[in-house]
Amino acid sequence: MSGQRLRVGVLSFAHTHAISYLSALSAMPDVEVRGTDPDGEVGAGVEAGAPAHPASTAGADVGSLRGRALAEALGVGYEESVADLLAWGPDAVVVASENARHRELVEAAATAGVHVLCEKPLATSWQDAVAIRNAVERAEVLLMVAYPVRFASAFRRLLGTAGSGALGEVVSVRGANNGMLPATRDWFTDPALSGGGALADHVVHVADLVDALTGATPVSVTAVTNRVLHADRARAETAGLVTVTYDSGAVVAIDCSWSRPDTAPAWGGLTLDVAGTGGTVSIDFFGAAARGLRAADGRPLELRTGADFDTAMLDHFLDAVRTGVRPQPDVGVGMRTLSVVLAAQESVRTGRTVRVDEVTDG
């Protein structure tokens, strides 16, 4: 399949990242992209004046659109249903639905023999994650989980440093993933659709970076959360602190929250501080930016610079589709990172440290 023009579908526009995926795919000369968003509704989008997520490369003018209207605004093809899109015969699909719908869409794609890039977290329950793994293994299709931050050039350099032995043994990691309340899509704060609040939304990114950096397996998790911020708008936790111990002996602390104000010039950011026996490294993944004030109203302005992580991630996925080489992060990574979230949720519920094997059953 090397060098072949690919057909790629986007299943659902529920996730804010769907805009960047559609935009990036449509700009690739060797890709034909179509989308479907049967549950989408016009007007379920960005509040007036809210800054766009960095993934929204098309800008806030399309952020309020769903369904055919969004596809037309971005100039991509559209199908009325998931069945119609799969009948089109895509080589691969991107699942960008509400988290609770990942299983049904991955299973539909796998049954059709189509490779899958699935938004994070992989699922909202361990049972659904196992079903997803079984579906793609049975169909012998590839599945990659959408963790774009691991494709940052700074993280690639960190992996190289660690691989050379210069960092020594990783003994601790501190990660912070803080952003705005995702008001652009209300389902993010509905546990029935999202699987949780800030824990589900933000912990998995840091857990993925740790997975890639160390290869270690999470063993136990202690977590606390609250809903002090946005208590009038959110139906799930809006802030949390999570401590994870790994089988390597490393300890990881994760600060996850929707703590950025609605008036902030950018959606949020992610930082990582790594301590090894050979030295320490700190990375601010979204720190490079031009900052100032908008002339019209004096509000802060922040224009992020640097490479587009989403495009780098999509390139890796499509290269895997063409070559048949298993992409990373794969379904196994998706399950390990989900297990951290599930153990954190159980820790919050019970008030105790929870072993990861308590929330996973094979």
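Since this is a predicted model, take the numbers as computed values, not measurements.

Draft legend 1. Looking closely at the overall build of the protein. In terms of helices and strands, the protein carries 10 helices and 15 strands. Counting only residues that meet the buried cut, the protein has 54% of its 362 residues in that class. Considering only intrachain contacts with a sequence separation of at least 6, the fraction spanning at least 24 residues in the protein is 73%. If you sum the accessible surface of the protein, you get close to 14400 Å²; carbon and sulfur atoms cover 51% of it.

Draft legend 2. Up close: the pairing of strand β10 (residues 251-260). One ladder, built from 8 bridges, connects strand β7 (residues 170-180) with β10; its direction is parallel. If you follow Asn177 over to β10, its bridge partner there is Cys256. Summarising the sheet, strand β9 (residues 239-246) and β10 pair through 7 bridges and their orientation is antiparallel. Across the sheet, Leu241 pairs through a bridge with Asp255, a residue of β10. Linking two consecutive strands that pair antiparallel, namely β9 and β10, is a turn of 4 residues; a positive phi of about 100° is found at Gly249 within it.

Draft legend 3. Quick peek at the pattern of salt bridges. In the structure shown here, the tally under the stated rule is 20 salt bridges. Here the residues in one salt-bridge network are Asp39, Glu98, Arg101 and Glu104, joined through shared partners.

Draft legend 4. Representation of the environment of Gly195. Mapped onto the elements, Gly195 comes out in the loop between α7 (191-194) and α8 (198-214). Not counting residues within four places of it along the chain, the set of residues in contact with Gly195 comprises Thr124, Asp190, Ala200 and Gln345.

Draft legend 5. Molecular detail of the environment of Ala108. Here Ala108 shows up in helix α4 (residues 102-111). Counting along the chain gives 25 residues from Ala108 to Ala83, while the straight-line C-alpha distance between them is 8.4 Å.

Draft legend 6. Local environment of the sheet that holds strand β4 (residues 92-95). Read from one edge to the other, the open sheet built from 6 strands follows the order β3-β2-β1-β4-β5-β6, with strand pairing classed as parallel. Where the open sheet ends on each side, the last strands, each with one partner, are β3 (77-78) and β6 (143-146). Summarising the sheet, strand β1 (residues 6-11) and β4 pair through 4 bridges and their orientation is parallel. Directly across from Gly9, in β4, lies its bridge partner Val93.

Draft legend 7. The arrangement of helix α5 (residues 126-139) in detail. The end-to-end C-alpha distance of α5, which contains 14 residues, comes to 20 Å, matching closely the 20 Å that a straight helix rising 1.5 Å per residue would cover. Buried-residue contacts for α5 involve α4, β6 and α10 (331-350).

Draft legend 8. Spotlight on the sheet that holds strand β12 (residues 279-284). An order of β12-β11-β7-β10-β9-β8-β15 is seen for the 7 strands of this open sheet, with the pairing classed as mixed. The two strands at the open ends of the sheet, each matched to only one other strand, are β12 and β15 (354-355). Where β7 meets strand β11 (residues 268-276), 9 bridges bridge the pair, whose relative direction is antiparallel. Bridge pairing in β11 places Gly179 opposite Gly268. Each of β11 and β12 is contacted by helix α6 (residues 153-164), which is oriented at about 165° to β12, the strand it contacts most. Packed on one face of the sheet, α10 meets β8 (218-226), β9 and β15 and runs near 50° to β8.

Draft legend 9. Up close: the packing of α8 against α10. Running from amino to carboxyl end, α8 crosses α10 at an angle of 130°, the nearest separation of the two axes being 9 Å. When the axes of α8 and α10 are compared, the pair comes out oblique. Between α8 and α10 lies a crossing of right-handed hand. Facing α8, whose interface residues are Leu199, Ala200, Val203, Val204, Ala207, Asp208 and Asp211, α10 presents Val333, Arg336, Thr337, Val340, Val341, Ala344, Gln345 and Val348. Tallied by class, residues from the contact of α8 with α10 come to 10 nonpolar, 2 polar and 3 charged.

Draft legend 10. The side chain of Lys120, seen in detail. Within the secondary structure, Lys120 sits in the loop between β5 (115-119) and α5. Setting aside chain neighbours within four positions, we find Lys120 in contact with Asn99, His102, Val145, Ala146, Tyr147, Asp201, Val204 and His205.

Draft legend 11. Highlighting the nonpolar core. The biggest cluster of nonpolar side chains holds 70 residues, and the ones touching the most others in it are Leu122, Leu143, Val242, Leu272 and Phe285. Here the element with the most residues in this core is α8; it accounts for 9 residues. Filtering out sequence-adjacent residues up to four positions away, Leu143 remains in contact with Val106, Val116, Cys118, Leu122, Ile132, Val136, Pro327, Pro329, Asp330 and Val331. Formed by 32 residues, the second largest nonpolar core is a distinct cluster that contains Ile19, Leu25, Leu65 and Ala146.

Thresholds applied
- Numbering of residues starts from 1 in every chain and runs along the sequence as written.
- Per-residue local features of the predicted model are confined to residues with pLDDT of at least 70, and side-chain atom pairs are confined, for both listing and counting, to 80 or more; whole-chain, interface and lining totals are unaffected and use all residues.
- The side-chain values count all of the structure's non-hydrogen atoms but skip hydrogen atoms and water molecules.
- Only DSSP runs of H or I with at least four residues qualify as helices, and only runs of E with at least two residues qualify as strands; both kinds are numbered from the N terminus onward.
- Throughout, exposure labels follow a simple rule: accessible area from a 1.4 Å probe, protein chains only, divided by the maximum for the residue type, with under 20% read as buried, over 50% as exposed, and the rest as partly exposed.
- Only heavy atoms matter for contacts: two residues are in contact if any of them lie within 4.5 Å across the pair.
- Only the protein chains shown count as cover for residues, and the accessible areas themselves come from Shrake-Rupley with a 1.4 Å probe.
- When DSSP finds at least two bridges between two strands, those strands are taken to pair.
- Every case where a carboxyl oxygen of Asp or Glu lies within 4 Å of a side-chain nitrogen of Lys or Arg is listed as a salt bridge.
- What a helix is expected to span follows from its residue count: subtract one and scale by 1.5 Å.
- All axes are obtained by fitting lines to C-alpha atoms, using only the stretch in contact for helices, and the reported angles, taken between N-to-C directions, cover 0 to 180 degrees.
- Orientation labels follow simple angle bins: below 35 degrees gives roughly parallel, above 145 gives roughly antiparallel, 65 to 115 gives roughly perpendicular, and whatever is left gives oblique.
- Two helices that cross are described as forming a left-handed crossing if the nearer one is turned anticlockwise from the farther one by less than a right angle, and a right-handed crossing if clockwise.
- Ten residues, namely Ala, Val, Leu, Ile, Met, Phe, Trp, Tyr, Cys and Pro, are considered nonpolar, four, namely Asp, Glu, Lys and Arg, are considered charged, and the remaining ones, Gly among them, are considered polar.
- Side-chain atoms within 4.5 Å are what join buried Ala, Val, Leu, Ile, Met, Phe, Trp, Tyr and Cys residues into a set we call a nonpolar core.

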